[in-house]
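So the chains spell out like this:
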2 protein chains.
Amino acid sequence: MRFETTTIKDIAKALGFSTSTVSRALRGGYEISEETKRIVLEYAEKINYRPNPIALSLKERRSHSIGVVVCEIANNFFSQAINGIESIAYNSGYHVIITQSNENHEREVLNVEHLASRSVDGLLISLSSESNDISYLKSLHEKGLPIVFFDRVSEEINTHKVIANNFQGGFEATEFLIKSGYTKIGHFTNAAHLSITRERLEGYKAALEKHQIPFNESYVKYCSYSGLIQDEIDAAVKDILKLKERPDALFIAQDKISTSTLLALRKLDLEYGCKIGISGFTNSNVAPLFSPPITVVRQPAFEMGQQATQLLIKLIESKHPVTEFETKTLNTQLITHSSTNRKL
Amino acid sequence: MRFETTTIKDIAKALGFSTSTVSRALRGGYEISEETKRIVLEYAEKINYRPNPIALSLKERRSHSIGVVVCEIANNFFSQAINGIESIAYNSGYHVIITQSNENHEREVLNVEHLASRSVDGLLISLSSESNDISYLKSLHEKGLPIVFFDRVSEEINTHKVIANNFQGGFEATEFLIKSGYTKIGHFTNAAHLSITRERLEGYKAALEKHQIPFNESYVKYCSYSGLIQDEIDAAVKDILKLKERPDALFIAQDKISTSTLLALRKLDLEYGCKIGISGFTNSNVAPLFSPPITVVRQPAFEMGQQATQLLIKLIESKHPVTEFETKTLNTQLITHSSTNRKL
DNA sequence: ATCGTTGCCGGGAACGATTGCATTTTTTTT
DNA sequence: AAAAAAAATGCAATCGTTCCCGGCAACGAT
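This structure is a prediction, so every number in the text was calculated from the model and none was measured. (Residues numbered from 1 in each chain as written. Chains lettered and ligands numbered in written order. Predicted model: local features only at pLDDT ≥ 70, side-chain atom pairs only at ≥ 80, totals over all residues. Heavy atoms only, no water.)

Visitor: Explain the pairing of strand S6 (residues 185–189) of chain A to me, using residue names and the numbers behind them.
Guide: All names here are of chain A. The buried fraction of S6 is high, at five of five residues. Side chains Ile 185, His 187 and Thr 189 project from S6 onto one buried face, and the interleaved Gly 186 and Phe 188 project onto a second face that is buried too. Bridging between S6 and strand S8 (residues 249–252) involves four bridges; their strand directions are parallel. Bridged to Gly 186 within S8 is Leu 250. Two strands pair when backbone bridges link them, and S6 and strand S7 (residues 220–222) are joined in this way by three bridges, in the parallel orientation. Paired with His 187 across the strands is Val 220, a residue of S7. Regarding topology, helix H9 (residues 195–210) serves as the crossover connection from S6 to the parallel S7, and that connection is right-handed. (Buried < 20%, exposed > 50% of the residue type's maximum accessible area, 1.4 Å probe, protein only. Helix = DSSP H or I, 4+ residues; strand = E, 2+ residues; numbered from the N terminus. Pairing = 2+ DSSP bridges. Right-handed = clockwise from strand over helix to strand, strands pointing away.)

Visitor: Give me the lowdown on the domain arrangement of chain A, citing residues and values where you can.
Guide: Looking at the assigned domains, one finds that chain A contains domain 1 (8–51), domain 2 (63–163 + 301–330) and domain 3 (166–299). In this structure, domain 1 of chain A and domain 3 of chain A have C-alpha centres spaced 63 Å apart. (Domains from an automatic or database assignment.)

Visitor: Tell me about the protein's contact with DNA strand C, and please be specific about residues and values.
Guide: For DNA strand C, the set of nearby residues contains 27 residues, the closest of which are Ile 8, Ser 23 and Arg 27 of chain A together with Thr 21 and Thr 36 of chain B. Restricting the count to atoms of DNA strand C within 4 Å of the protein gives a sugar and phosphate share of 57%. A distance of 3.0 Å is found between a phosphate oxygen of DNA strand C and a backbone nitrogen or oxygen belonging to Ser 33 of chain B. Of the residues in the surface near DNA strand C, the class split is eight nonpolar, 10 polar and nine charged. (Near = heavy atom within 4 Å. Polar contact = N/O pair within 3.5 Å; in protein donor to acceptor, adjacent residues only side chain to side chain. Nonpolar A, V, L, I, M, F, W, Y, C, P; charged D, E, K, R; others polar.)

Visitor: Summarise the protein's contact with DNA strand D; cite the residues concerned and give the values.
Guide: Around DNA strand D, a shell composed of 27 residues is seen, among which Thr 21 of chain A together with Ile 8, Ser 23, Arg 27 and Tyr 49 of chain B lie nearest. For DNA strand D, the backbone portion of the atoms within 4 Å of the protein, that is sugar and phosphate, comes to 59%. For DNA strand D, a phosphate oxygen lies 2.5 Å from a polar atom in the side chain of Thr 21 of chain A. Arg 24 of chain A places a side-chain nitrogen or oxygen 2.7 Å from a base oxygen of DNA strand D.

Visitor: For unusual backbone geometry, give the residues involved together with the corresponding values.
Guide: Between Ser 291 of chain A and the following residue, Pro 292 of chain A, the backbone shows a cis peptide bond with an omega angle of 5°. Residue placement: Pro 292 of chain A occurs in the loop between strand S9 (277–281) and strand S10 (295–298). Despite not being glycine, Asn 102 of chain A has its phi angle at roughly 50°, a positive value. Relative to the elements of secondary structure, Asn 102 of chain A occurs in the loop between strand S2 (95–100) and helix H6 (105–117). Here the phi dihedral of Asp 151 of chain B falls at roughly 65°; this positive angle occurs in a residue that is not glycine.

Visitor: Break down the packing of aromatic side chains for me, with residues and values.
Guide: Scanning the model with the defined rule gives 13 aromatic pairs over all chains in all. With 6.2 Å between their ring centres and 75° between their planes, Tyr 204 of chain A and Phe 215 of chain A make a pair best called edge-to-face. With Tyr 204 of chain A in helix H9 and Phe 215 of chain A in the loop between H9 and S7, this residue pair connects regions lying 11 residues apart in the sequence. On the accessibility criterion, Tyr 204 of chain A (0% relative accessible area) is buried. Of the residues examined, Phe 215 of chain A reaches a relative accessible area of 33% and is grouped as partly exposed. Taken together, the ring pairs in this structure connect Tyr 204, Phe 215, Phe 251 and Phe 281 of chain A into an aromatic cluster. The ring of Phe 281 of chain A carries Arg 200 of chain A above its face, with NZ or CZ at 3.9 Å from the centroid. Over the ring of Tyr 272 of chain B we find Arg 246 of chain B; its NZ or CZ atom is 4.9 Å from the centre of that ring. (Phe/Tyr/Trp six-rings, centres within 6.5 Å; stacked < 30°, edge-to-face > 60°. Lys NZ or Arg CZ within 6 Å of the ring centre and 35° of its normal.)

Visitor: Which residues make up a nonpolar patch on the surface, and what values do they have?
Guide: Residue and element names in this part refer to chain A. Where nonpolar side chains cluster on the molecular surface, the patch consists of Tyr 225, Leu 228 and Ile 229 and spans about 240 Å² of accessible area. Mapped onto the elements, Tyr 225 comes out in the loop between S7 and helix H10 (230–242). Owing to a relative accessible area of 39%, Tyr 225 belongs among the partly exposed residues under this scheme. (Patch = residues over 30% accessible without salt bridge, like charges linked within 9 Å, V, L, I, M, F, W, Y side chains within 5 Å. Areas by Shrake-Rupley, 256 points an atom, 1.4 Å probe, with all protein chains shown as cover. Salt bridge = Lys/Arg side-chain N within 4 Å of Asp/Glu carboxyl O.)

Visitor: Can you tell me about H6 of chain A, naming the residues and giving the values?
Guide: The terminal C-alpha atoms of H6 of chain A, which comprises 13 residues, lie 18 Å apart, in line with the 18 Å expected from a rise of 1.5 Å per residue. All buried positions along H6 of chain A are accounted for by Glu 108, Val 109, Asn 111, Val 112, His 114, Leu 115 and Ala 116 of chain A. Buried positions along H6 of chain A lie against strand S1 (65–70), S2, strand S3 (122–125) and helix H7 (135–142) of chain A together with helix H5 (76–91) and strand S2 (95–100) of chain B. If you check the start of H6 of chain A, you find a side-chain oxygen 3.1 Å away from the backbone N of Glu 106 of chain A, and it comes from Asn 104 of chain A. (Expected span 1.5 Å × (residues − 1). Contact = heavy atoms within 4.5 Å.)

Set out below in structure tokens:
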């Protein structure tokens with residue numbers, strides 16, 4: 001049951017050349033006569049010869065591929081980002097290997113190590129919500145593996161980073177609710193230690209402060225599984241419902257948490273869910289269909305994927321060690337569906 | 001800028017053994033003394049040695065990985081199927097390489113050939129809607145590459161296949177609309193030549209026939225881009241709206257087309273959209289939130305991915321050429337949200 | 001004392017491709 | 001026509017690993 005391929009040797013044998021001649025003819029080496037080149041190229045074409053990328057990877061110690069680690073591809077943000085990544089990578093001659101951590105630290109480590117041992121030329125990663133300790137990444141980075149962070153970044157490693165303007169997103173989403181007349185605004189968000197959590201929370205707080213609304217700690221719910229587990233969101237919603245002074249609006253800081261919260265509201269108290277104002281991060285293309293309706297903070301996922309990939313390829317192809325790193329911040333977009341600002 | 005790794009040679013040099021001895025000690029070869037094994041293993045552990053999978057792939061001409069080709073990972077069905085694939089593959093020691101065709105034939109060919117040249121041990125594929133000619137797959141299959149089809153299969157290649165019970169899905173979705181009191185039932189579906197299109201159409205027709213409703217060709221819209229292009233769906237909806245006798249219900253045969261149709265209805269004629277009955281294939285987790293509401297045909301995507309992977313691994317690991325192939329058909333699930341059958 | 005076993009280990013080819021250097025062939029120069 | 005220069009091609013090492021084969025010691029049996 002072994003899959004047959006044709007090699008440079010087969011060509012050499014069939015044509016009576018040495019493998020070196022064939023190799024050079026195929027890459028158009030200047031030292032090979034036009035005649036020989038023609039013969040070799042024609043024959044290679046005829047038998048549909050394809051160079052073995054594995055042999056090349058072994059020899060050159062690079063694979064012309066980049067590894068991607070995301071939490072889950074089913075998340076709209078990540079699948080769009082991956083499309084952006086692929087769009088750049090393919091045009092630059094790189095293949096993309098996608099892996100999922102499922103928000104699990106151990107899985108993330110396994111994925112990264114596997115990618116590294118497969119000689120990926122570089123790594124694009126958005127950290128899992130469980131990942132507090134990233135020393136494993138640090139050591140890989142120090143050994144020379146080019147890494148670019150996107151979305152969920154870490155301070156601990158000095159390299160390129162691409163993020164959305166999370167502060168802006170949080171601020172605008174919150175301020176929109178305030179301007180729509182809501183004052184008791186709850187906040188559902190990710191695990192507390194993530195960069196995106198901090199930044200979006202800051203935006204939320206800044207909007208409250210600007211409009212002289214006091215910050216209320218009991219209105220903030222940290223969901224460590226990032227909405228991957230519906231029960232966690234149900235519990236958060238129940239907590240909110242139990243409050244003597246319920247929020248009259250919610251700002252939700254993540255894609256999956258947004259949809260999970262809408263589902264929970266529908267299930268637990270639809271009337272309340274339809275009464276309150278809801279704004280939240282999501283890159284879902286079907287958000288306009290949602291009921292209860294939601295005002296959307298959309299991240300430029302595709303562009304983020306593209307820019308991260310451009311930075312990574314620049315790192316990979318740089319002749320000299322790079323020491324100057326940049327953090328690109330892309331603006332989010334607030335999309336209001338007419339039905340949301342119904343208090344106006 | 002090259003990434004350093006430790007090899008079996010480093011161990012051999014440090015310990016004064018030959019590479020052969022080290023290699024055998026690491027795999028626990030019987031011909032190596034316990035003492036030597038201990039020394040080698042301890043040292044390997046100490047320097048965190050990891051065998052180079054690329055060298056292994058080159059030598060063994062297999063990579064312990066399986067390639068997956070889907071149309072787009074952003075599609076709920078496929079991302080769930082991929083989770084099923086990974087769940088089995090990882091437990092069996094295989095890595096999964098995911099690629100997207102974006103419903104584009106040329107891209108599909110490129111992806112498959114790249115996967116094959118990377119020595120994937122087998123291939124899981126759901127055909128793109130553009131793929132009519134699959135001779136390239138055929139020749140790969142004849143050369144010995146194990147292939148398992150899922151979801152969108154082809155008759156032309158005799159191998160294992162895993163599909164949903166598309167006839168049943170189409171039948172139940174249509175009959176549900178009929179039983180809810182609708183009689184003029186339109187049908188939006190994929191490109192006509194796809195296996196899933198035929199089967200779901202058959203189910204639709206069978207339900208109509210059972211209830212003595214005449215089949216109306218002008219009620220059927222084939223969307224060759226599978227909902228990837230919103231304009232195509234918008235056009236289909238406009239066509240329907242222009243009919244002197246508009247459908248009072250729609251059965252939609254695919255995930256993306258379902259959501260695109262809902263978006264189009266919202267945009268073009270929300271009142272009509274909310275009045276008609278809609279049932280459709282989708283694996284979206286947020287379908288309960290949709291408005292207009294939709295009765296859902298859900299495919300067992302995760303299980304389909306799992307079963308396809310099990311079949312593929314059986315093929316890969318089979319000692320003898322396999323000649324008996326099976327087609328597994330998994331039942332779909334009809335999920336009615338209370339609000340849909342409002343004619344009752 | 002010699003032979004066959006057994007246990008342990010090293011040498012080296014192989015996987016497919018590239019590449020520096022050596023070698024052969026052809027062409028040009030004198 | 002001989003020598004030098006140029007062009008075309010081959011040899012062999014390399015990447016990291018496995019595995020066939022052969023070597024060598026120690027030991028028991030003859």
